[in-house]
Amino acid sequence: MNEFELIERIFLQLQAEHSAAAGIQKAIGDDAAVMALPTGSRLVSCIDTLVQGRHFSPDWKQVDTLAFAIGYKAVAVNVSDIAAMGAAPHSILLALALPERLANESWLTAFAKGLFHACQLFGVSLIGGDTTRNDTLVLSISAQGLLTSDTPAIYRSGAQVGDKVYVSGTLGDAAYALQHPDDTSGLELAHRLHMPTPRVKLGAALAQLGATSMIDISDGLYQDLSHICKQSGVGMHLYLEQLPTSKPLAKIDLSKRLLYQLTGGDDYELAFTLPAHIELPIDSSDTPVHCIGEVVAAAQQPYPKLLFYNQVITQAAPAPFDTYPNLTGYQHFAG
Ligand SMILES: Nc1ncnc2c1ncn2[C@@H]1O[C@H](COP(=O)(O)OP(=O)(O)OP(=O)(O)O)[C@@H](O)[C@H]1O
Ligand SMILES: Cc1ncc(C[n+]2csc(CCOP(=O)(O)O)c2C)c(N)n1
Ligand SMILES: [Mg+2]
């Protein structure tokens, strides 16, 4: 059996064990997949690539150990983008550029199990893909979601002056785990890096509730909120003492911790804005949400301004930082 037959067998077998999303008329096995969409619904599409050495460790031993998590995370980061639009995830396509050393039953089965585990958790079906050979592992997943006719998509461009700024979950955990793979806190937080939780129910609930803008945090809170500021033509005040912090991260030095939270990335939490008169229903989802700031008129630049206990953080008065920090988040082509 060659690699392609092996992949087809493993994927078809695992797929048969999982229930398919509604409306899928043809999935794996033909030239393309066919889906029937509910009348009036809108299709929401995105794609994200994970590259060995850039999105996960270049080390082959790690790639072996993390096979399940890599399969899971490739689905999770795409589902997170669908959730950030307020849509319900529906289906995915998988493009796999596979090194020969991973084209064996053991690695492929662990990878596929992680991928199907995420599919099951987040309600998506694998409807097709493409396999090629490459020296390193590269995987692209494109995801489709659905918005019912009466649900607005939530864009980055809708934030209004006076809105409050919120974020789900806790921040900075994944970045800390990436930098400290071997210390106690890093080990406690490793799941936040390798197996992030896309906030599917929360995203859809916020579209119903009237969120004005939303983004998922992949590159770091500050950089990702800057996208909302720029596209909405607004500024923000961010209250750093209100950033939600996990127990392990609360133990580290404050200024270091804040930098992980503002610039670390890999959080896959939702950041969003809501008009001040809209209360967050406590039980809108099982995901904790914290208010971290408010939307203000853009000053000179449409970027968030940082405050710490009502003091604006500036070059001249950078406390709690020693010097004003570089707030750039993750960038593939930085300097
Ligand atoms: N190669 C490309 N061709 C066409 N559009 C692109 C390309 N790369 C990015 N885009 C578009 O640019 C926008 C921002 O892309 P980006 O990848 O930064 O998304 P993101 O959600 O901010 O980050 P993430 O990839 O971590 O989810 C998206 O609308 C995306 O579809
Ligand atoms: C080995 C290793 N090095 C660095 C990182 C951090 N990282 C890589 S890409 C990215 C942003 C999201 O990617 P994209 O913008 O492509 O969606 C982040 C925060 C990691 N996870 N693993
Ligand atoms: Mg995104």
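- In the annotation of an unreviewed UniProt entry, the protein chain is listed under the name Thiamine-monophosphate kinase and assigned to Psychrobacter coccoides.
- Within the UniProt record for the protein chain, the comment given under Catalytic activity (unreviewed entry) is "thiamine phosphate + ATP = thiamine diphosphate + ADP".
- What UniProt states about the protein chain under its Function (unreviewed entry) heading is, verbatim, "Catalyzes the ATP-dependent phosphorylation of thiamine-monophosphate (TMP) to form thiamine-pyrophosphate (TPP), the active form of vitamin B1."

Let's talk about the coordination of the magnesium ion (ligand 3)
Phase 1 of the analysis: Every protein donor of the magnesium ion (ligand 3) is listed here as Asp81 (OD) and Asp216 (OD), and their distances to the metal cover 2.0 to 2.1 Å. Taken together, the residues span a long stretch of sequence, with Asp81 in helix H3 (residues 67-83) and Asp216 in strand S8 (residues 213-216) at a distance of 135 residues.

Some remarks on the sheet that holds strand S4 (residues 88-98)
Phase 1 of the analysis: Spatially, four strands are ordered S3-S6-S4-S5 in an open sheet, and the strand pairing comes out mixed. Both outer strands of the open sheet, strand S3 (42-51) and strand S5 (125-133), are each paired with one neighbouring strand and no more. Going across the sheet, the axis of each strand differs from the next one's by a mean of 15 degrees, ignoring polarity.
Phase 2 of the analysis: Summarising the sheet, S4 and S5 pair through eight bridges and their orientation is parallel.

Concerning helix H8 (residues 200-209)
Phase 1 of the analysis: Considered for burial, the residues of H8 that qualify are Val200, Leu202, Gly203, Leu206 and Ala207.
Phase 2 of the analysis: Phi turns positive one or two residues past the end of H8, at Gly210, with a value near 105 degrees.

Considering the pairing of strand S6 (residues 138-147)
Phase 1 of the analysis: Counting buried positions along S6 gives nine out of ten residues, so the element sits mostly inside the fold.
Phase 2 of the analysis: In terms of strand pairing, S3 meets S6 through ten bridges, oriented antiparallel. Bridged to Ser45 within S6 is Gln144.
Phase 3 of the analysis: In this sheet, S6 lies alongside S4 in antiparallel orientation, the contact comprising nine bridges. Paired with Ala88 across the strands is Leu146, a residue of S6.

Considering the site of ligand 2
Phase 1 of the analysis: As a structural note, the neighbourhood of ligand 2 is formed by 14 residues, with Arg54, His55, Asp219, Asp266 and His332 the closest of them.
Phase 2 of the analysis: With respect to ligand 2, the side chain of His55 contributes an N or O atom lying 2.8 Å from an oxygen atom.
Phase 3 of the analysis: Between ligand 2 and Asp219 there is a distance of 3.2 Å, counted from an oxygen atom to a side-chain nitrogen or oxygen.
Phase 4 of the analysis: Alone, ligand 2 offers 520 Å² of accessible surface; in the complex the protein occludes 83% of this.
Phase 5 of the analysis: The class makeup of the residues in the shell around ligand 2 is four nonpolar, six polar and four charged.
Phase 6 of the analysis: Viewed by domain, the shell around ligand 2 spans two of them, domain 1 (3-147) and domain 2 (164-312), each represented by three or more residues.

Concerning the environment of Ser19
Phase 1 of the analysis: Mapped onto the elements of the fold, Ser19 is located in the loop between helix H1 (3-16) and strand S1 (24-26).
Phase 2 of the analysis: Taking relative accessible area as the criterion, Ser19 reaches 63% and is therefore assigned exposed.
Phase 3 of the analysis: In this structure the C-alpha to C-alpha distance between Ser19 and Glu105, which are 86 residues apart in sequence, comes to 23 Å.
Phase 4 of the analysis: Apart from residues no more than four positions distant in its own chain, Ser19 is found in contact with Gln120 and Ser125.

Quick notes on the site of ligand 1
Phase 1 of the analysis: Near ligand 1 you find Asp48, Asp81, Arg156 and Ser218, and these make up its full shell.
Phase 2 of the analysis: Note that an oxygen atom of ligand 1 is positioned 2.9 Å from one of the side-chain N or O atoms of Asp48.
Phase 3 of the analysis: At a separation of 2.6 Å, an oxygen atom of ligand 1 approaches a polar side-chain atom of Ser218.
Phase 4 of the analysis: Tallied by class, residues from the shell around ligand 1 come to no nonpolar, one polar and three charged.

Notes on the pattern of salt bridges
Phase 1 of the analysis: The tally for this structure, following the rule as stated, stands at seven salt bridges.
Phase 2 of the analysis: A salt bridge links Glu188 to Lys251, with the nearest nitrogen and oxygen atoms 4.0 Å apart. Here Lys251 lies in the loop between helix H10 (247-250) and helix H11 (254-263) and Glu188 lies in helix H6 (residues 184-188), a separation of 63 residues in the sequence.
Phase 3 of the analysis: Taking relative accessible area as the criterion, Glu188 reaches 40% and is therefore assigned partly exposed.
Phase 4 of the analysis: Relative accessible area serves as the criterion here: at 60%, Lys251 is assigned to the exposed category.
Phase 5 of the analysis: The partner of Glu269 in a salt bridge is Arg199, and the shortest N-O contact between them spans 2.8 Å. With Glu269 in the loop between H11 and strand S10 (270-274) and Arg199 in the loop between helix H7 (190-194) and H8, this residue pair connects regions lying 70 residues apart in the sequence.
Phase 6 of the analysis: Where salt bridges share partners, they join Asp173, Arg192, Arg199 and Glu269 into one cluster.

Reading the values: the criteria
Residues numbered from 1 in each chain as written. Chains lettered and ligands numbered in written order. Predicted model: local features only at pLDDT ≥ 70, side-chain atom pairs only at ≥ 80, totals over all residues. Heavy atoms only, no water. UniProt positions renumbered as here; feature names shortened; annotations may be inferred. Donors = N, O, S within 2.8 Å, 3.2 Å for Na, K, Ca; no water. Helix = DSSP H or I, 4+ residues; strand = E, 2+ residues; numbered from the N terminus. Pairing = 2+ DSSP bridges. Axes fitted to C-alpha atoms, helices over the stretch in contact; angles between N-to-C directions. Buried < 20%, exposed > 50% of the residue type's maximum accessible area, 1.4 Å probe, protein only. Near = heavy atom within 4 Å. Polar contact = N/O pair within 3.5 Å; in protein donor to acceptor, adjacent residues only side chain to side chain. Areas by Shrake-Rupley, 256 points an atom, 1.4 Å probe, with all protein chains shown as cover. Nonpolar A, V, L, I, M, F, W, Y, C, P; charged D, E, K, R; others polar. Domains from an automatic or database assignment. Contact = heavy atoms within 4.5 Å. Salt bridge = Lys/Arg side-chain N within 4 Å of Asp/Glu carboxyl O.

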